[in-house]
4 protein chains.
Amino acid sequence: MIRDDKKLLNLLKTAEGQIAGIQKMLVEKKYCIDISNQIMACQAVLGKVNREVLKSHLHGCVTEATGADKEQKLDELSLLLDKLVK
Amino acid sequence: MIRDDKKLLNLLKTAEGQIAGIQKMLVEKKYCIDISNQIMACQAVLGKVNREVLKSHLHGCVTEATGADKEQKLDELSLLLDKLVK
Amino acid sequence: MIRDDKKLLNLLKTAEGQIAGIQKMLVEKKYCIDISNQIMACQAVLGKVNREVLKSHLHGCVTEATGADKEQKLDELSLLLDKLVK
Amino acid sequence: MIRDDKKLLNLLKTAEGQIAGIQKMLVEKKYCIDISNQIMACQAVLGKVNREVLKSHLHGCVTEATGADKEQKLDELSLLLDKLVK
């Protein structure tokens, strides 16, 4: 699986635009709930990028790793899951 | 890494006790926020069990898997991360 | 909004059954990923109960509160949001 | 409680810098796990802003609201909790 970096960069551009928008909303004293929703929308876009990065990591780096390298990559995933699982 | 199933079964017993407690709280019309906190405490105990299960999965099943079996286990992890990453 | 406690007690019964099932899966050394999925399913059921409890809290307890009582209930919600917002 | 918008704008500047950093990391093919961690760090900064916004919302807008306005604000909070509670 090849990571579609162009798509990911576009998503990051979107997130960047959202953050600029949130700054503007704060300065213009827009309604709190609207600001909050916009923040969560931006986090969701970042989450989308993260999912793609991790998917290609598993199907690329981890799949190809062997021996001590494989062990290390699985240790890293273990730490990551530890953070993600609530 | 050997999974400490005795510890995990104890945690699940704790979660079971918490759920019995939450049922009692509902019936006795206890304060909503207290019920909500107890629910989240139970979810956290389950999360602890999940983290242990997944850690031992990575350090056991996945580490030992090779070939097509390894591929499949990484596909499963990929699906799992897809659900976990927000 | 009246809380449907019968429905919530049924959901908690479901969660109780799931936890019993998870214990059995552990003892019978079922596949880790299946155990993990079952744990998350149980957490989701508890989350459903929590959402109902909090919804009825807002539309009941908080809506009716006035003065110092209202202040306190909003403080509690503030603490809750602090825990929930990631 | 007065919202410290200067602090929040600084946090948003930090998030903006992080997103620029993530774009650079993608282009320079940096290690997936490092990119993923940076994405989660940025989401955490945004979460911090969101918590502050919602805290001041509760202690400001909602505390002061009365009558139909109060009802509406509690409806909004109810929808928000529905999204946040997992």
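Residues numbered from 1 in each chain as written. Chains lettered and ligands numbered in written order. Predicted model: local features only at pLDDT ≥ 70, side-chain atom pairs only at ≥ 80, totals over all residues. Heavy atoms only, no water.

## Description of the environment of Asn50(D)
Under the convention used in this document: Elements are defined by DSSP. Helices are runs of H or I of four residues or more, strands are runs of E of two residues or more, and each kind is numbered from the N terminus. Note on contacts: a residue pair qualifies if any of its non-hydrogen atoms lie within 4.5 Å across the two residues. Polar contacts, as used here, are pairs of N or O atoms within 3.5 Å; protein pairs need one atom able to donate a hydrogen and one able to accept it. Residues neighboring in sequence count only if both atoms are side-chain atoms.
Within the secondary structure, Asn50(D) is located in helix H2 (residues 32–64). Taking the C-alpha atoms as reference, Asn50(D) lies 24 Å from Thr66(D); in sequence the two are 16 residues apart. Once you skip the residues sitting within four places of it in the chain, Asn50(D) turns out to touch Ser36(A), Ile39(A), Met40(A) and Val85(C). Of the polar contacts made by the side chain of Asn50(D), one reaches the side chain of Ser36(A); its length is 2.7 Å.

## Observations concerning the interface of chain A and chain D
How big an interface is tends to be stated in terms of the accessible area lost upon association of its parts. This is how the line gets drawn: Here the buried area means the combined drop in accessible surface, using a 1.4 Å probe, for two parts upon being joined, counting both sides. Salt bridge, as used here: a side-chain nitrogen of Lys or Arg that lies within 4 Å of a carboxyl oxygen of Asp or Glu.
Opposite the 38 residues of chain A that make contact, chain D presents 38 residues. With both chains or domains summed, chain A and chain D bury close to 3400 Å², and 68% of this area falls on carbon and sulfur atoms. Counting the contacts that link chain A with chain D gives 2 salt bridges. Summed over the shared surface of chain A and chain D, the result is 9 residue pairs in polar contact (both at pLDDT 80 or more).

## Some thoughts on helix H3 (residues 67–84) of chain B
We count it as follows: By this rule the span expected of a helix is its residue count minus one, scaled by 1.5 Å. Each residue gets one of three labels from its accessible area relative to the maximum for its type: buried under 20%, exposed over 50%, partly exposed in between, using a 1.4 Å probe on protein chains only.
Taking 1.5 Å per residue as the helical rise, H3(B) with its 18 residues ought to reach 26 Å, and the 26 Å between its terminal C-alpha atoms agrees with that figure. Along H3(B), the residues classified as buried are Lys70(B), Lys73(B), Leu74(B), Glu76(B), Leu77(B), Ser78(B), Leu80(B), Leu81(B) and Leu84(B). Looking at the buried residues of H3(B), the elements they touch are helix H2 (32–64) and helix H3 (67–84) of chain A, helix H2 (32–64) of chain B together with helix H2 (32–64) of chain C.

## Concerning the pattern of salt bridges
A complete count under the given rule lists 32 salt bridges over all chains for this structure. With its nearest N and O atoms 3.2 Å apart, the salt bridge here joins Glu28(C) to Lys24(C). Counted as one network, the salt bridges with shared partners bring together Arg3(A), Asp5(A) and Lys29(D).

## Considerations on the packing of H2(B) against H3(B)
Residues and elements named next belong to chain B. Rule in force here: Axis angles are defined between N-to-C directions and span 0 to 180 degrees, where every axis is a line fitted to C-alpha atoms and, for a helix, only to the segment in contact. Roughly parallel means an angle under 35 degrees; roughly antiparallel, over 145; roughly perpendicular, 65 to 115; everything else is oblique. Take the far helix as your reference; a near helix turned counterclockwise from it by less than a right angle gives a left-handed crossing, and one turned clockwise gives a right-handed crossing. Note that Gly is not counted as nonpolar here; it falls among the polar residues with everything else outside the nonpolar set of Ala, Val, Leu, Ile, Met, Phe, Trp, Tyr, Cys and Pro and the charged set of Asp, Glu, Lys and Arg.
Relative orientation of the contacting elements H2 and H3 amounts to 160°, with a least axis distance of 11 Å. In this view, H2 runs roughly antiparallel relative to H3, as classed from their interaxial angle. H2 and H3 meet at a crossing whose hand is left-handed. Residue-level inspection shows Leu54, His57, Leu58, Cys61 and Val62 of H2 in contact with H3, the latter providing Lys73, Leu74, Glu76, Leu77 and Leu80. Classifying every residue of the contact of H2 with H3 gives 7 nonpolar, 1 polar and 2 charged.

## Considerations on the environment of Ile2(C)
Note that Ile2(C) resides in the segment before helix H1 (5–27). Separated by 50 residues in sequence, Ile2(C) and Glu52(C) have C-alpha atoms that sit 10 Å apart.

## Comments concerning the relation of the copies chain A and chain D
Test applied: We superpose the copies by least squares over the C-alpha atoms of residues that have a pLDDT of at least 70 in both of them.
The transformation that overlays chain A on chain D combines an axial shift of 0.0 Å with a rotation of 180°, and the residual RMSD is 0.0 Å. Each copy turns onto its partner about a two-fold axis. Residue Gln43(A) of chain A places its C-alpha closer to the rotation axis than any other residue of that unit, at 2.7 Å. Of the residues that chain A buries at the interface, 100% are likewise interface residues in chain D, meaning the two copies contact each other through the same surface.

By themselves, these are just geometric observations and shouldn't be taken as functional.
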